Structures are given as C-alpha cells and as structure tokens.
Amino acid sequence: MVFVLFGISVLVFLIFFATPGADPAARIAGRNASPETLEQVRASFGLDRPLPVQYALMMQRLFITGELTSFVNRGERVVPEVMEAAPVTLSLVFGGAVLWVAGSLVIGLTAAAFRNTVVDRGLMILSLIGVSMPVFWVGEMLNLVTQNRLHDTVLFSWVPALGYKPLLADPWDWFKTMLVPWVSLAILYIGLYGRVLRASLVEAEQEDYIRTARAKGLSEFHILTRHALRMSLIGFVTLFGLDFGVLVGGGALLTEVVFGLQGVGKLTFDALHTLDLPMIMATVMYSSVFVVLANTVVDLLYAVIDPRVRAR
Amino acid sequence: MTEAPLLEIRNLRVSFRTERGMVRAVDDLSLTIGAREIVGIVGESGSGKTMTVLAILGLIRDPNAVIEGSIRFRGRELIGLPDREMRRLRGGAIAMIFQDPMTALTPVHTIGRQIVEQIREHRGLTHRAAWDRAVALLDAVGIPRPGIVAERYPHELSGGMRQRAVIAMALSCDPALLLADEPTTALDVTVQAQILDLIRRLRTEFDSSVVLITHNLGVVAEIADAVIVMYAGRIAERAGTEALFADPWHPYTWGLLGSVPPLDGPRLMRLTSIPGLPPSLLNLPPGCPFMPRCRWRRDACLARPPLEGPPAHQAACVIAPEERPADRVQALGPLVAAR
C-alpha cells in the first residue's frame, strides 16, 4: 500500500511539476508576466530548487508536519481543508452505497427470479432509464421538486436547505440533508448493478451446480439466494470496490456540486481550476488511499465469499 | 404384471423448437423399471440418454422444449405435475447423480452443508440431526474421516471423493429411484470400480432402483440387470444384460461391442470402429437412423423399423433372426459367439 501511494505521489508530482511546458511558476505569475516576476515567484514558492528536493519537501510538509500551504490562497493550510471535506464526501458515498447495494440486490434478484417475464422486462427498462439519466440532471430535478416546486407541500417540507450538516452535531438533521443526495447518487448505480447482477444470476442458471441444487428438490428462492447469488456476488463486489473507491476519492463531484456539498470532489475540482498544486497533491493522495483501501477490502471480501480464494 | 412398476415411461418424446425446425432429442421411448432393478442406458453422446433422465425429473427448463408422452412414477403421472409437487420428489423419492463431480457441487458451500440442505428440504430434521445423517452418509459411501470431510469445500477434495459426496447427497433421502448420469466417466479406473461397487450396494442396502447412463459397456456388463441401447434418441435394442452380450441383435450394438477391447484372447491389431458419425437430430433420415452407417442396410431400412421381439429382448432392425448369427460373426468375428 505504501508503495502504491509512493508511486502515485511521484507520478502526480512529475505530471504537474516536470512535464515539459508545465511550468507552475508561469501559471502562478499569470499571463505576460515579466522574467523578473517569474524569477521572484520561483524563488518564493521554492520552485527553483532541484526536483527531488522539491518533491521531498512537499511530501514532508504534506505527511509529516502537515503545514503544506496552498499556492492560491497563500498561508491557507491544505491538510485541514481535506480533513474538513472528507466527512462530507464519506457521508455522501457511504449512504449512497448502502442504498445502491440494497436497491440493486432487490432489483437483480427480482428480475432473475422472474426472468423473461413482464416483471423482468419492466425492471430492466427501469434500470436502463436509471443508468441513462445523468447524475447532475437527476440531482437538479430532485432539487427542483424538493426545494422549490413541492417544497411547501406535506411531501417535501421536511427537506432542509442545501449544504452539509455534520453527523455528530445532529444525526437526524444529517440524515434529512443527505437523503436526497444519496438517492440521486444511487440511482445510476442501482440501475447498473441491478443489470449486472441479473445477468450474472441468469448466467449461473447454466451451471451444473444449479442443476444439482434443483435436482435436490430445493425451492427456486433457495437456489437463487443460497447458490446462484453467492457466486454472482464475486463480480458484484469487484465492481463495487472500484466504484466505491473512485467515488470516495472525489468522483462524486457532480452530486457534490449540485447539492452544495463541500466535499473532496469539489475541492479537487476547484484546485484543478486554479492549478493549486499542493491542494491537488493532497486530494490525490487522499483519494488514492481510499482507492487502495477499497481494493484491500474487496480482496478480503473475496475470501469471505469464495472459499477457493482463502489461503490455507 | 401384479404390481405397478416403479417407473413406467410410455412413448416419451422430447423435442426442441429451433430456427431450423424441430429437433427430436428423444423419440418414442418406452421403458419400465421395477423395484430394485438396475437398468443401463448406453449410447453415444447425443443419443438422448441424459435428456431422458432429465425429463423424468422435470429438469428440462428450456422454454423451447416440448415433452410429450407419459412418465409414471409409482403410478403417478410426472409430466405436467406442478413444480411444487415435482420438487417433493426431486432429491426425495427420485435422486440424481450428475456426470461431472467437479462442477456438480456449489463451490462456496461445504460438502456437509450441501447435504444438510437437501435433507432438511425433505425431512423435518433439526440442523444437528441432519448434519449427523450427512456425516453417516459420507461414511457409508466410503469416505474416510467423514466428520472432517463434511466441513471441507468441494475444491479441497479429489474427484473420486467429490463423486462419493455427490452420491451421498443423492442417497440422503433414501430415494426409491436413483438416476445416475455417467457417474464414473470423470473418474479413473480404480475409483470407477469402487463407485460401481457402491451403486451395486445401493440396491441391497437402500432398496433403490437405478437407471445408469453410460457409454461404457463394461460398466453395464458389470452391474446392470437390463440394458437399453439408444441411438439418435430412439431405442435401438433392449434386453437383459446377459442376453445382450451373448446374443446382440442390432448392428449398432455390434458396433458398440466391437469397440470394446477384449480382456482375454488374442490381442486385436485394431479395434473395430463404427464408420461415420451419429446423425444430426435435425435432419434425421426418414427410415432407420442408423442406416447411413450400417453395413447391412437394405431397401427395407428406408421405412423406420419398429421395436420388435418378445418383451425380454427387442430390437429396431429389419435383419431377420436367422440372418443375425452370420452377420454378427462378420461384424465381430467369433469373439462374441464364443463368449
């Protein structure tokens, strides 16, 4: 894990600091800056020192002293910014993930149980619609309905104003704030995972062990949940690990923006916009931690699901 | 016949709708199996053996399959039986052993658990009691240290062990009828012999009847009471095992017998093979399906020969009884005649 993070940090550093034509000083100094100004900027940001030294200094400030400061808002520390944004993104993605796992399990299992019937077709069309709707559009529509058009009706008067409410301050408030963002984030993944799960369950139908299970006189429900599902979960979990890591690492940007959540996605996006290199470095490191973590958890889950993977 | 046979199949026909017309996987098959009887069904791949037993269990789930005829188990019609009722028979009174023990078990559950779930589906036992029974069954099929093996996953066992576990599972609810689909094909010879021994013991210890599907005539000779030879979805010949080996009637049976290496006598330079390939079930010739590959074909073969002969020995072939010995010597040499 440490190696992966080291590799990523070096790569990101090189992309922004050492790619030909990517002179950070020129970006900071602005267009048409005089050579003197450039020199001054270089010296003041430490960009005139050798690259390895720059890298080492940046890593030291980021991980050890924690006093890495932004290039854009000078003096503003980067690490606390990320620490403040992380709970927002984590709340959003964890809640969304609970919804989308539960939703897609229900849809996938139901569709597979009623395969090739109207129920199956209907669910698959629904999930295709879910996959096709862009998340920012869904978010805006939900906002329009819950915040604006129908906000004063009984139905949606409970929806609080946009923005994040800390979980620890008032869990109920937090829940109410996050519910609509969760739904809009989950819709896409429910559709996607529901379809993947159904396909995998229907494919399992061809397996010999399913035929054996049927020959044993087990009920269809039992066969589906105990035999087919267990094997199908392997692909499901792989997909989940990838998507979850990416989302926690800032991939939920669109949802964050639409719902005014100051999460990691928003932070990264703003940093990229202003080419705030220390901030980019910090958010990238943060998200790679989660991507790597998610993959580790997936590997552990494999062992739980599939005894063949377990080390003896 | 004083009592109803255990299983009675009449004019069973299994066909599949395809883009290029109907495919008859099993055509006009009738057979009866009495209590404690072991019947072997032999034939090449695609001759309809497996389809026949899957039809008995109602496990042909292809929406394009059309199953006609009658399958009576203890006098009760199985075709068209609601799935709920069928489920009670499956794994209970009728159990099946599948061909490939490598893939027939769910990889993610322990052997014991897979046996327990079947027992509990059919008997109202507690988990503890069902587990004890599973361990006892594993012991009965000759698995050493059954208590430990029950907690193992399928991938941790050898092929022979898995096949025994599959057999133990099939026996878990004392089936009256056991359908064994090539139970020994995936195993090496020494294990094969042990498994056959086990199947033979089923009759004595569990009072089961067995339908044994195989393409191995040696296996049939060893344990079956009666043999049905299938070709292209139809019965080519049926007889008691001894009669079939001593006096085979159908040229296809001769072909099968000729392709078995003899254990004694002079060593043959080459085994006889049946020329050609089994016909595609899609465009079956209107006459005898074996005709294109038959050395003795004649004009009469252009009409489909009915299954003829006394109940104890029947064949679907136009070769007259008096011609048979001469033709057979031509096909097999004096080998069979001497046996």
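*Asks:* Where do I start with the overall build of chain B in this structure?
*Replies:* The helix and strand inventory of chain B stands at 12 helices and 11 strands. Its C-alpha atoms give chain B a radius of gyration of 21 Å, near enough to 20 Å, the size a compact globule of 339 residues would have. Across its three principal axes, chain B shows a C-alpha extent of roughly 65 × 50 × 45 Å. Looking at chain B as a whole, 45% of its 339 residues are labelled buried.

*Asks:* Any chance you could explain the overall build of chain A here in plain terms?
*Replies:* Regarding its fold elements, chain A presents 13 helices and zero strands. Mapped from its N terminus to its C terminus, chain A presents α and β elements in the order α-α-α-α-α-α-α-α-α-α-α-α-α. Projected onto the principal axes, the alpha-carbon positions of chain A cover approximately 85 × 60 × 35 Å. For chain A, buried positions account for 35% of its 312 residues.

*Asks:* Can you walk me through the nonpolar core in this structure?
*Replies:* One recurring pattern in soluble globular proteins is that nonpolar side chains are buried together. The biggest cluster of nonpolar side chains holds 166 residues, and the ones touching the most others in it are B:Ala134, B:Leu138, B:Leu179 and B:Val211. Top element by residues in this core is helix α8 (residues 171-204) of chain A. It accounts for 13 residues.

*Asks:* Would you take a moment to explain the sheet that holds strand β2 (residues 21-33) of chain B for this structure?
*Replies:* The strands that make up a sheet are held in pairs by hydrogen bonds between backbone atoms, and each pair lies either parallel or antiparallel. Residues and elements named next belong to chain B. Reading across from one edge, β2-β1-β4-β5 is the order of the four strands in this open sheet, with antiparallel pairing throughout. The open sheet has two edge strands, β2 and β5 (76-77), and neither has a second partner. Summarising the sheet, strand β4 (residues 65-73) and β5 pair through two bridges and their orientation is antiparallel. Looking at β5, one finds that Arg-72 is bridged to Glu-77. Helix-sheet contacts for helix α1 (residues 49-57) involve β1 (7-18), β2 and β4, and the interaxial angle to β2 is about 75°.

*Asks:* Please clarify how the domain arrangement of chain B should be interpreted in this entry.
*Replies:* The parts lose accessible area when they come together, and the size of an interface is often stated as this lost area. Residue and element names in this part refer to chain B. Here chain B is described as being made up of domain 1 (7-224) and domain 2 (230-338). A C-alpha centroid distance of 28 Å is found between domain 1 and domain 2. Counting from both sides, the interface comprises 22 residues of domain 1 and, opposite them, 15 residues of domain 2. Every element with two or more residues in the side of domain 1 that touches domain 2 is listed here: β2, β3 (38-42) and α8 (217-223). It is β2 that contributes the most residues to the side of domain 1 that touches domain 2, eight residues altogether. Looking at the side of domain 1 that touches domain 2, its residues break down into 10 nonpolar, six polar and six charged.

*Asks:* How should the environment of B:Asp28 be read in this particular structure?
*Replies:* Residue and element names in this part refer to chain B. Among the structural elements, Asp-28 can be located in strand β2. Given 18 C-beta atoms within a 10 Å radius, Asp-28 is considered partly exposed. Remark: the alpha-carbon pair of Asp-28 and Pro-278, spanning 250 residues in sequence, is separated by 18 Å. If near-sequence neighbours (up to four positions away) are discounted, Asp-28 is found in contact with Asn-11, Arg-13 and Arg-234.

Thresholds, definitions, all that
Residues numbered from 1 in each chain as written. Chains lettered and ligands numbered in written order. Predicted model: local features only at pLDDT ≥ 70, side-chain atom pairs only at ≥ 80, totals over all residues. Helix = DSSP H or I, 4+ residues; strand = E, 2+ residues; numbered from the N terminus. Rg over C-alpha atoms; globule rule 2.2 N^0.38 Å. Buried ≥ 20, exposed ≤ 12 C-beta atoms within 10 Å, placed from the backbone. Core = buried A, V, L, I, M, F, W, Y, C linked by C-beta atoms within 7 Å. Pairing = 2+ DSSP bridges. Contact = placed C-beta atoms within 7 Å. Axes fitted to C-alpha atoms, helices over the stretch in contact; angles between N-to-C directions. Domains from an automatic or database assignment. Nonpolar A, V, L, I, M, F, W, Y, C, P; charged D, E, K, R; others polar.

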